[in-house]
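Now for the letters of each chain:
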Amino acid sequence: PYRDATRVETHSRDVLVHLLADDGSAGWGAGTPRRFPTGETQVGAVHVLERVLADVVVGADAGEPDAIARAMEGAIPGNHAAKVAVDAAVHDLLGRARGVPVHELLGGARRDTMESLDILPLGPPDRMAEIALDLRARLGTRAFKIKIDADTSAGVRRVQAVREAVPDAMLVVDANGAWTVDQAVDTCERLEPFGLRAVEQPTAGHDLDALAEVTHRSPIPIAADESAQPAFVGRLIATRAADVLNVKLTREGGFGAALDVAARALDAGIDVVCGSVVQGVLADAACAHLFAVLPSVAYNESGKAPAWHMEDAATGLRVEDGVVHVPDGPGLGVLVDEVAVRRLRPTD
């Protein structure tokens, strides 16, 4: 189970879109609705796809993905998980039709591999250290995100235990908005000796002033995640309220929007992370094409799906020795099993 300061997850709750073109071309895409922080659900995403977005997508020219993205944005605000599922499927279809990987459609790959961090779910310090050691031994993972909640003293003990277990690992701490400004600054000062790459979302996502104050006072770089929602990200970049920005395809609503946010952040001197959520291989593959084309990536969160899931609707994403390999086949470069899609439909 995945545990953080706000929730427990036992399954990926992806929504898949299958597009068919008149010439026989086809493409698959996935988005991952999240109750927190955007309030999106599978049921809501499917409703929006069937009742709203289908009206602007069916009959559109798959060779114009930017036009389709604009049409979806004009049809309904928000609902980015539904939109990214369509956008990824359009790019997958177009790439397969042209015989090129999606990253070629996005301007060309700058890198074909990248290390992936894995998330250490909230738990006792010794258990989190054990998980880190197990992931290192089984998967070669060399970077970890450590979940912390409002109990900051326990959080410091968690970080210490993991650092002692994997002394050479890159470590990021994620509070998921659980702290006050004073708590955050105090905790960052206590965490400084452990050599963290960043502390992510120390304060509530909607409070950019609090995030900016922590960023100004913290001895450790501060990353924005919940504060990087589309409603806030423009102001966040303009005020440089964080040192690092977590760019997530499923939150931005598609490749074009994600690349735009990343470009604006980098121009403002803010580092960019290729983020992910609890998601399956199809969504993870799209993230790999995103990090392949970004001008600069501080670190990468995608690539966990093959190890996290006992069953998945898609296969073919190669993650070896803690490194994600960008798929080089046509489209997204992974295979979707339609029998598995039907079998894995939720029943609740």
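Residues numbered from 1 in each chain as written. Predicted model: local features only at pLDDT ≥ 70, side-chain atom pairs only at ≥ 80, totals over all residues. Heavy atoms only, no water.

### Observations regarding the sheet that holds strand β12 (residues 271-274)
- Taken together, 7 strands build an open sheet; the order of strands is β6-β7-β8-β9-β10-β11-β12 and the sheet is parallel. Each edge of the open sheet is held by one strand with a lone partner, namely β6 (118-120) and β12. On average, each strand axis in the sheet is tilted by 30 degrees relative to the strand beside it, whichever way the strands run.
- As defined by bridge partners, strand β9 (residues 198-200) adjoins strand β10 (residues 222-224) across 2 bridges and the pair is classed as parallel. Bridge pairing in β10 links V199 to I222. (Pairing = 2+ DSSP bridges. Helix = DSSP H or I, 4+ residues; strand = E, 2+ residues; numbered from the N terminus. Axes fitted to C-alpha atoms, helices over the stretch in contact; angles between N-to-C directions.)

### Some points on the sheet that holds strand β5 (residues 113-115)
- The strand order β5-β15-β14 describes an open sheet built from 3 strands, whose pairing is antiparallel. Here the strands that pair on one side only, and so sit at the sheet edges, are β5 and β14 (319-320).
- Where β14 meets strand β15 (residues 323-325), 2 bridges bridge the pair, whose relative direction is antiparallel. Bridging from a neighbouring strand, E320 pairs with V323 of β15.

### A short note on the packing of aromatic side chains
- All told, the structure shown has 0 aromatic pairs when counted by the stated rule.
- One residue, K304, lies across the ring of W308, its end atom 5.6 Å from the ring centre. (Phe/Tyr/Trp six-rings, centres within 6.5 Å; stacked < 30°, edge-to-face > 60°. Lys NZ or Arg CZ within 6 Å of the ring centre and 35° of its normal.)

### Points about unusual backbone geometry
- The phi torsion at N79 lies on the positive side, around 50 degrees, for a residue other than glycine.
- Within the secondary structure, N79 sits in the loop between α2 (65-75) and α3 (80-98).
- A positive phi angle, close to 50 degrees, is found at R240, a residue other than glycine.
- Residue position: R240 is located in the loop between α9 (230-239) and β11 (244-247).

### Thoughts on the pattern of salt bridges
- All chains considered together, the criterion is met by 24 salt bridges.
- Between D174 and K145 there is a salt bridge; the shortest N-O distance is 3.7 Å. Taken together, the positions of D174 in strand β8 (residues 170-174) and K145 in strand β7 (residues 143-147) put the pair 29 residues apart, joining distant regions of the chain. You'll find D174 and K145 in the same group, each marked buried.
- Its salt-bridge partner being E301, residue K145 comes within 2.5 Å of it at the nearest N-O pair. Here E301 lies in the loop between α12 (281-293) and α13 (305-308) and K145 lies in strand β7, a separation of 156 residues in the sequence. When sorted by exposure, K145 lands in the same class as E301, which is buried.
- One network of salt bridges, with partners in common, ties together K145, K147, D174, E200 and E301. (Salt bridge = Lys/Arg side-chain N within 4 Å of Asp/Glu carboxyl O. Buried < 20%, exposed > 50% of the residue type's maximum accessible area, 1.4 Å probe, protein only.)

### A look at the environment of A283
- Of note, A283 is situated in helix α12.
- The buried category is assigned to A283, whose relative accessible area is 6%.
- With 255 residues separating them in the primary sequence, A283 and W28 have C-alpha atoms 9.9 Å apart.
- If sequence neighbours within four positions are ignored, A283 has contacts with D14, A30 and T32. (Contact = heavy atoms within 4.5 Å.)

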